[in-house]
Amino acid sequence: MSEAFENVAHAADRPATPWHLWVVGMLATIWNFGGALDYTMTQTRNEAYMSSFTQEQLDYFYGFPAWADGVWALGVWGAFIGSLLLLLRSRHAIIAFVISLAGLVGSSIYQMMADMPASLSTPGIWVFTAAIWLSIIFLIWYSRMMTAKGVLH
């Protein structure tokens, strides 16, 4: 009985969830769901999803070495899981986001090394890549800040 009372007492010491956590968490979940969906549709070679790409682009996507697919998976699934953990107020969101960042580093290395079709090396693609970098860096910072304030536990 005293353990249950102690858990309730600790819960009462936690700060209330700020409104911005819900906004950041929901936007992050939606954004990172897009990455997870893209990864899944590409890996399963979903015909309807992949039909908008040229044969040259498909050859590029389907020619990724296993390590590039692996770091891509770490990047997208780490970010998506981190977003869910953020909504659950878990301090482990930081770990998931750092794993995602490691995957993004690996994916970026591959992107720089690979013989990418010119149609995939446009200013729009590079701006999108920068947005991915900024979002994961922001989510790591935000999760650390919320953990330091005791919001994530």
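All of these numbers come straight from a predicted model, not from anything done at the bench.

### Remarks on the overall build of the chain
Logical step 1: On a plain count of helices and strands, the chain comes out with seven helices and zero strands.
Logical step 2: When its helices and strands are written in sequence order, the chain yields α-α-α-α-α-α-α.
Logical step 3: In terms of overall dimensions, the chain has a C-alpha envelope of 65 × 30 × 25 Å along the principal axes.
Logical step 4: Taking all 153 residues of the chain together, the buried fraction comes to 38%.
Logical step 5: Long-range contacts, defined as pairs at least 24 residues apart, comprise 77% of the intrachain contacts of the chain with a sequence gap of at least 6.
Logical step 6: Accessible surface computed for the chain: about 9100 Å², of which carbon and sulfur atoms make up 70%.
Logical step 7: Of the charged side chains in the chain, 6 are positive and 9 negative; the average position of the first set lies 17 Å away from that of the second.

### A short note on the environment of Pro 18
Logical step 1: Within the secondary structure, Pro 18 is located in the loop between helix H1 (2-13) and helix H2 (19-43).
Logical step 2: For Pro 18, a relative accessible area of 17% translates into the label buried.
Logical step 3: Residues contacting Pro 18, with those up to four places away along its chain left out, are Met 146 and Val 151.

Rules used in this analysis
Residues numbered from 1 in each chain as written. Predicted model: local features only at pLDDT ≥ 70, side-chain atom pairs only at ≥ 80, totals over all residues. Heavy atoms only, no water. Helix = DSSP H or I, 4+ residues; strand = E, 2+ residues; numbered from the N terminus. Buried < 20%, exposed > 50% of the residue type's maximum accessible area, 1.4 Å probe, protein only. Contact = heavy atoms within 4.5 Å. Areas by Shrake-Rupley, 256 points an atom, 1.4 Å probe, with all protein chains shown as cover. Lys, Arg positive; Asp, Glu negative; His and termini not counted. Charge placed at Lys NZ, Arg CZ, Asp CG, Glu CD.

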